[in-house]
Amino acid sequence: LTPSPAADGKYPKGTVVAIIANPSFGWEVASSITPVTMDSDRSVNVVFTKMSPLRATENFNIGTGSGGWTVRLVPGQKVEGEFSSAGSDVFYNVRDPGGNIVVSKPEKSKSGSFTFISTQSGTYAINFRSAGILTPSVISLNLVVHYPD
């Protein structure tokens, strides 16, 4: 509330008070909040709604080597991914900020999907390695990143 009330918790009659709502990560204020003129006791309700998941599509060429994509997360975020490889089959894994593997596909494939929930804040790496020696790979990656509850 701006300005703050007097020590007794009250405002002088006619004071215009701005209400500032600070939603948690992944939430937003559902409607605008207008200033309130204090001419009697007032109640204010603020409605928060969960934000829609983030969606990303990325295409990148890893040739006959390796490559990947990174995403910054906070704990509790669910990530759903789908990929396909034009060219050679690929191996893939996902590593947390500490370098630990959280998803791994030891068999080569042309496409696949994965899901994981982040356990720590930081950058997660989605890594691909071409299984081909002569045929390059181009990866198409689709991600959906959900906000934590």
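Provided above is the structure to which this section pertains.
Here is what the cut-offs are and how they apply
- Residues numbered from 1 in each chain as written.
- Predicted model: local features only at pLDDT ≥ 70, side-chain atom pairs only at ≥ 80, totals over all residues.
- Heavy atoms only, no water.
- Helix = DSSP H or I, 4+ residues; strand = E, 2+ residues; numbered from the N terminus.
- Rg over C-alpha atoms; globule rule 2.2 N^0.38 Å.
- Contact = heavy atoms within 4.5 Å.
- Lys, Arg positive; Asp, Glu negative; His and termini not counted.
- Charge placed at Lys NZ, Arg CZ, Asp CG, Glu CD.
- Buried < 20%, exposed > 50% of the residue type's maximum accessible area, 1.4 Å probe, protein only.
- Polar contact = N/O pair within 3.5 Å; in protein donor to acceptor, adjacent residues only side chain to side chain.
- Pairing = 2+ DSSP bridges.
- Axes fitted to C-alpha atoms, helices over the stretch in contact; angles between N-to-C directions.
- Core = buried A, V, L, I, M, F, W, Y, C linked by side-chain atoms within 4.5 Å.
- 1 Å grid on protein atoms, 1.4 Å probe; cavity = no way out; pocket = protein on both sides within 12 Å on 5 of 7 lines; lining within 4 Å.
- Points joined across faces, edges and corners; volume = space filled by probe spheres on them.
- Nonpolar A, V, L, I, M, F, W, Y, C, P; charged D, E, K, R; others polar.

### Some points on the overall build of the chain
So, point 1. In terms of regular secondary structure, the chain is built from 0 helices and 12 strands.
So, point 2. The secondary structure elements of the chain, listed N-terminal to C-terminal, are β-β-β-β-β-β-β-β-β-β-β-β.
So, point 3. What you see for the chain is a C-alpha radius of gyration of 24 Å, clearly larger than the 15 Å of a compact globule of 149 residues, by over 25%.
So, point 4. Oriented by its inertia axes, the alpha-carbon framework of the chain measures out at about 80 × 25 × 20 Å.
So, point 5. When contacts within the chain are restricted to residue pairs at least 6 apart in sequence, those whose partners lie at least 24 apart make up 68%.
So, point 6. Each charge sign in the chain was given a centre, from 12 positive and 11 negative side chains, and these centres are 5 Å apart.

### Considering the environment of Thr57
So, point 1. Turning to its location among the elements, Thr57 is positioned in strand β5 (residues 54-63).
So, point 2. Using a relative accessible area of 55% as the deciding quantity, one classes Thr57 as exposed.
So, point 3. Along the backbone, Thr57 and Glu82 are 25 residues apart, and their C-alpha atoms lie at a distance of 9.6 Å.
So, point 4. If we skip the residues at most four places from it in the chain, Thr57 touches Leu141 and Asn142.
So, point 5. Within polar-contact distance, the side chain of Thr57 engages the side chain of Asn142 at 2.8 Å.

### Examining the sheet that holds strand β7 (residues 78-87)
So, point 1. Strand order across the open sheet formed by 4 strands is β5-β12-β7-β10, with antiparallel pairing between neighbours. Lying at the two open borders of the sheet, with one neighbouring strand each, are β5 and β10 (111-117). Put simply, the sheet's adjacent strands are angled 20 degrees from each other on average, direction ignored.

### Brief notes about the nonpolar core
Where a protein is soluble and globular, its nonpolar side chains tend to be buried together.
So, point 1. Ranked by internal contacts, the top residues of the largest apolar core, which has 19 residues, are Phe114, Phe116, Phe128, Ile139 and Leu141.
So, point 2. Broken down by secondary-structure element, the contributors of at least two residues to this core are β5, β6 (66-73), β7, β8 (90-95), β10, β11 (122-130) and β12 (137-145).
So, point 3. In terms of residue count, the dominant contributor to this core is β12 (4 residues).
So, point 4. Membership of the second largest hydrophobic core comes to 5 residues, among which are Tyr11, Val17, Val36 and Met38.

### Concerning the layout of surface pockets
So, point 1. There is about 160 Å³ of room inside the largest pocket.
So, point 2. Along the walls of the largest pocket sit Gly9, Lys10, Tyr11, Lys13, Met38, Asp39, Ser40, Asp41 and Arg42, which together make up its complete lining.
So, point 3. Looking at the lining of the largest pocket residue by residue, the classes come out as 2 nonpolar, 2 polar and 5 charged.

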